[in-house]
Amino acid sequence: MKRVVIIGGGIAGLATAYSLREHSEGKDFEIIILEKKERLGGNIRTEKIGGFIIEGGPDCFLSEKPWAMELCKRVGLGDNLLPTNEQNRKIFVLSRGKLHVLPEGVILMVPTKILPLATSSLISIPGKIRMALELFIPKRSDKGDESLGNFVRRRLGTEALDKIAEPLVAGVHAGDPETMSVRASFPKFVQLEEDYGSLIKGMVRKMELLKKTHREAPKKDAPSAKVTMFMTLKNGLGELIETLTGKVSKSRNTVIRTGVNVTGIQKKDGGYEVAIEGGGDIKADSVIIAAPAYSAANLVRGFDSELAVKLLTIPYVSTATVSIGFKKSDIKHPLNGFGFVVPKIEKRKIMAATWTSVKFKYRAPEDSVLIRCFVGGSKDTSLLSASDEEMIRAVREELKDIMGIDAKPVLAKVYRWINSMPQYTIGHEERINWIDERVSAYPGFYLVGSAYHGIGISDSVRYGEIVAKKALHHIGA
Ligand SMILES: Cc1cc2nc3c(=O)[nH]c(=O)nc-3n(C[C@H](O)[C@H](O)[C@H](O)COP(=O)(O)OP(=O)(O)OC[C@H]3O[C@@H](n4cnc5c(N)ncnc54)[C@H](O)[C@@H]3O)c2cc1C
């Protein structure tokens, strides 16, 4: 019987395995998933403690990229899909030590509404004028890649970069806009500049078209459940991992092995041999690496050292999340938003804070609130080497200073994510094209995961599905 080995039991590995079974129409072949840790899920880790639902890593996925949501529906979790709360959707930005509302209508960094920007206390008058001038700035003639920092400075000005784009991307990608590739990270903005000559013009036009489509769509096409920009699951994203694991492990000829560290791959007898720490090599007709790029580099070194070197050029940064629960009655702050982001120029110890129990229902007991802070990233990793106690103390000091919270927490939990966030730096697309071409020379061998074709959960799911179809074709299923 043909055999597919998947290395890595994060969302990419599990979604790939599920997709292999989904599309194989009962054909017989074996799947073995090998995961280094005892726990499946990789970056996705949900814990339930004392009535709180805590996300150690990701807490949601983007609905604009529908693949994660579709997967949830296919595995039977459609009824558990959870939108963000209706009220208090504001995001705040820390500026000169105070929280200011991110002007309504600003989409990532592009203003689409005049009044909220004009009356915003976040941006200075010269900064607002500079942002409005974006409408008249000619498009770039050079078609090569560019840093996000340069792109935003060029189109919207330095203040928009420092106070809006930089902290927002740091909150999502933990990245540095001066090294991030705008093409790989925000291809839509590059396209807007290309198509409309202006991000503001393009964004407003797109929104008008979207509204028109919604107005004209027949009623029966209306979604049955509310879909917001960010979606999660009622019991946390761990629910998706548990459900996928259950479905995959119950399918025929499928084995999930945890606590198994893969140490290398060799090409052998027209297929592959997967080496495992402690012995027990496994022969495979197809191998799918769903582990970080630097792990993939170690595994391919035995048969393609150049590919290994290239994989190592995809950098990763480390972060930590600190979730802190308080009694509601101890908090004077109105918590009138989903949280705040912190520009680098503010020189703080945290990058962002999500007011988790405001953003999503069911995250804290009725009488409590849950706040989650982000530490580290490309800005400052010094706190990552501190003990949990020190990190919690530092985060509490920041919350006291920024939000006036000096209450004793009822819960505090640190999750460290060392080398867990790939960075799409300038030239990422060319690097990935090179890697894709190289990998295509090895029939039945594939790479998936957030390092290559999209950084979020939805992208990992989508690419897993693409790879699953290729692997099925390869093994003739
Ligand atoms: C703090 C944080 C917050 C995030 N927030 C969001 C968010 O809100 N929304 C979103 O869409 N995305 C978010 N992301 C990104 C998201 O986590 C990733 O897109 C996604 O989880 C990547 O999944 P993956 O399976 O590719 O990789 P991983 O989750 O890293 O899984 C890879 C697995 O491979 C295993 N492995 C590695 N080497 C070996 C080996 N040699 N042998 C066997 N197994 C091995 C690892 O142990 C791991 O389990 C966040 C990431 C972090 C770190």
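Predicted model, so just to flag it, every value in this text is computed and none were measured.

The rules behind each value
Residues numbered from 1 in each chain as written. Predicted model: local features only at pLDDT ≥ 70, side-chain atom pairs only at ≥ 80, totals over all residues. Heavy atoms only, no water. Helix = DSSP H or I, 4+ residues; strand = E, 2+ residues; numbered from the N terminus. Contact = heavy atoms within 4.5 Å. 1 Å grid on protein atoms, 1.4 Å probe; cavity = no way out; pocket = protein on both sides within 12 Å on 5 of 7 lines; lining within 4 Å. Points joined across faces, edges and corners; volume = space filled by probe spheres on them. Nonpolar A, V, L, I, M, F, W, Y, C, P; charged D, E, K, R; others polar. Salt bridge = Lys/Arg side-chain N within 4 Å of Asp/Glu carboxyl O. Patch = residues over 30% accessible without salt bridge, like charges linked within 9 Å, V, L, I, M, F, W, Y side chains within 5 Å. Areas by Shrake-Rupley, 256 points an atom, 1.4 Å probe, with all protein chains shown as cover. Expected span 1.5 Å × (residues − 1). Buried < 20%, exposed > 50% of the residue type's maximum accessible area, 1.4 Å probe, protein only. Arc of directions from axis to C-beta. Pairing = 2+ DSSP bridges. Axes fitted to C-alpha atoms, helices over the stretch in contact; angles between N-to-C directions. Near = heavy atom within 4 Å. Polar contact = N/O pair within 3.5 Å; in protein donor to acceptor, adjacent residues only side chain to side chain. Domains from an automatic or database assignment. Buried area = accessible area lost by both parts, 1.4 Å probe.

### Some thoughts on the environment of Leu77
Structurally, Leu77 can be placed in the loop between α2 (67-74) and β6 (81-83). Each C-alpha atom of the pair Leu77 and Leu233 lies 8.0 Å from the other, and the pair is 156 residues apart in sequence. Residues contacting Leu77, with those up to four places away along its chain left out, are Cys72, Leu233, Glu239, Leu240 and Thr243.

### Considerations on empty space enclosed by the protein
For the structure shown, the criterion picks out one cavity of 30 Å³ or more. Reported here for the largest cavity is a volume of approximately 40 Å³. Around the largest cavity, the lining residues are Ile53, Ile54, Glu55, Asp59, Ser323, Thr356, Leu370 and Arg372. At the level of elements, β4 (52-55) and β20 (368-376) are the ones that each hand at least two residues to the lining of the largest cavity. A total of three residues in the lining of the largest cavity trace back to one element, the largest contributor, which is β4. Each residue belonging to the lining of the largest cavity can be placed in one class, and the counts come to three nonpolar, two polar and three charged.

### Focus on the pattern of salt bridges
Counting across every chain of the model gives 30 salt bridges. The salt bridge involving Glu104 is made with Lys113; its shortest N-O contact spans 2.6 Å. Via salt bridges that share partners, Glu134, Arg140, Asp142, Glu146, Arg154, Arg155 and Glu193 belong to a single interconnected network.

### Observations concerning a nonpolar patch on the surface
On the surface, Ile125, Ile129, Leu133, Leu135 and Phe136 cluster together into a nonpolar patch covering about 520 Å² of accessible area. With respect to the element layout, Ile129 can be found in helix α4 (residues 125-132).

### Quick look at helix α9 (residues 199-216)
In a regular helix each residue adds 1.5 Å, so 18 residues correspond to 26 Å; α9 covers 26 Å between its end C-alpha atoms and thus fits that length. The complete set of buried residues in α9 reads Leu199, Ile200, Gly202 and Met203. Mapping the buried residues of α9 onto a view down its axis gives an arc of 165°, with all of them on the same face. Along α9, exposed side chains directed more than 90 degrees from the buried face belong to Arg215 and Glu216. Buried positions along α9 lie against β9 (106-107), β10 (110-111), α4, α5 (148-156) and α8 (187-196).

### Describing the sheet that holds strand β13 (residues 262-268)
Taken together, the three strands give an open sheet; going across it, the order is β13-β14-β15, and neighbouring strands pair in antiparallel fashion. Strand pairing shows two members of the sheet lacking a second neighbour, β13 and β15 (282-284), which therefore form its edges. Neighbour-to-neighbour, the strand axes of this sheet turn through a mean angle of 25°, independent of strand direction. Pairing between strand β14 (residues 271-276) and β15: three bridges, direction antiparallel. Of the residues in β15, the one forming a bridge with Tyr272 is Ala284.

### Some remarks on the site of the ligand
Neighbouring the ligand are 33 residues; Glu35, Asn43, Cys60, Ile455 and Ile457 lie closest to it. In this structure, a nitrogen atom belonging to the ligand sits 3.2 Å away from a side-chain N or O atom of Asn261. The separation between an oxygen atom of the ligand and a polar main-chain atom of Ser450 is 3.3 Å. For the ligand, the accessible surface in isolation is 1,000 Å², of which the surrounding protein chains cover 90%.

### Considerations on the domain arrangement of the chain
Each assigned domain of the chain is listed here: domain 1 (3-42 + 239-314 + 424-475), domain 2 (105-216) and domain 3 (316-422). For domain 2 and domain 3, the distance between their C-alpha centres works out to 27 Å. On the side of domain 3, 13 residues touch domain 2, which itself brings twelve residues to the contact. At the boundary of domain 2 with domain 3, total buried surface from both sides reaches about 870 Å², with 65% on carbon and sulfur atoms. Summed over the three residues of domain 2 that lose the most area to domain 3, namely Glu166, Pro167 and Ala174, the buried surface amounts to 44% of that side. At the junction of domain 2 with domain 3, the criterion picks out zero salt bridges. On the surface where domain 2 and domain 3 come into contact, there are one residue pair in polar contact (both at pLDDT 80 or more). Residue composition of the side of domain 2 that touches domain 3, by class: five nonpolar, three polar and four charged.

### Remarks on unusual backbone geometry
Even without being a glycine, Asn88 presents a positive backbone phi close to 55°. Structurally, Asn88 is set in the loop between β6 and β7 (91-95). With relative accessibility at 35%, the residue Asn88 sits in the partly exposed group. Although it is not a glycine, Lys347 adopts a positive phi angle of roughly 50°. Its relative accessible area of 74% is what places Lys347 among the exposed residues.

### Remarks on the sheet that holds strand β16 (residues 286-289)
Pairing is parallel in the open sheet, where five strands are placed in the order β12-β2-β1-β16-β22. Edge positions in the sheet fall to β12 (254-258) and β22 (445-447), since each has one partner strand and no second. Across this sheet, the average inter-strand angle for adjacent strands is 15°, counted without regard to direction. As paired elements, β16 and β22 share three bridges and run parallel to each other. Following the sheet pairing, Val287 is matched in β22 by Phe445. Across the sheet, helix α1 (residues 11-22) touches β1 (3-7), β2 (30-35), β12 and β16, and the angle it forms with β2 is around 175°.

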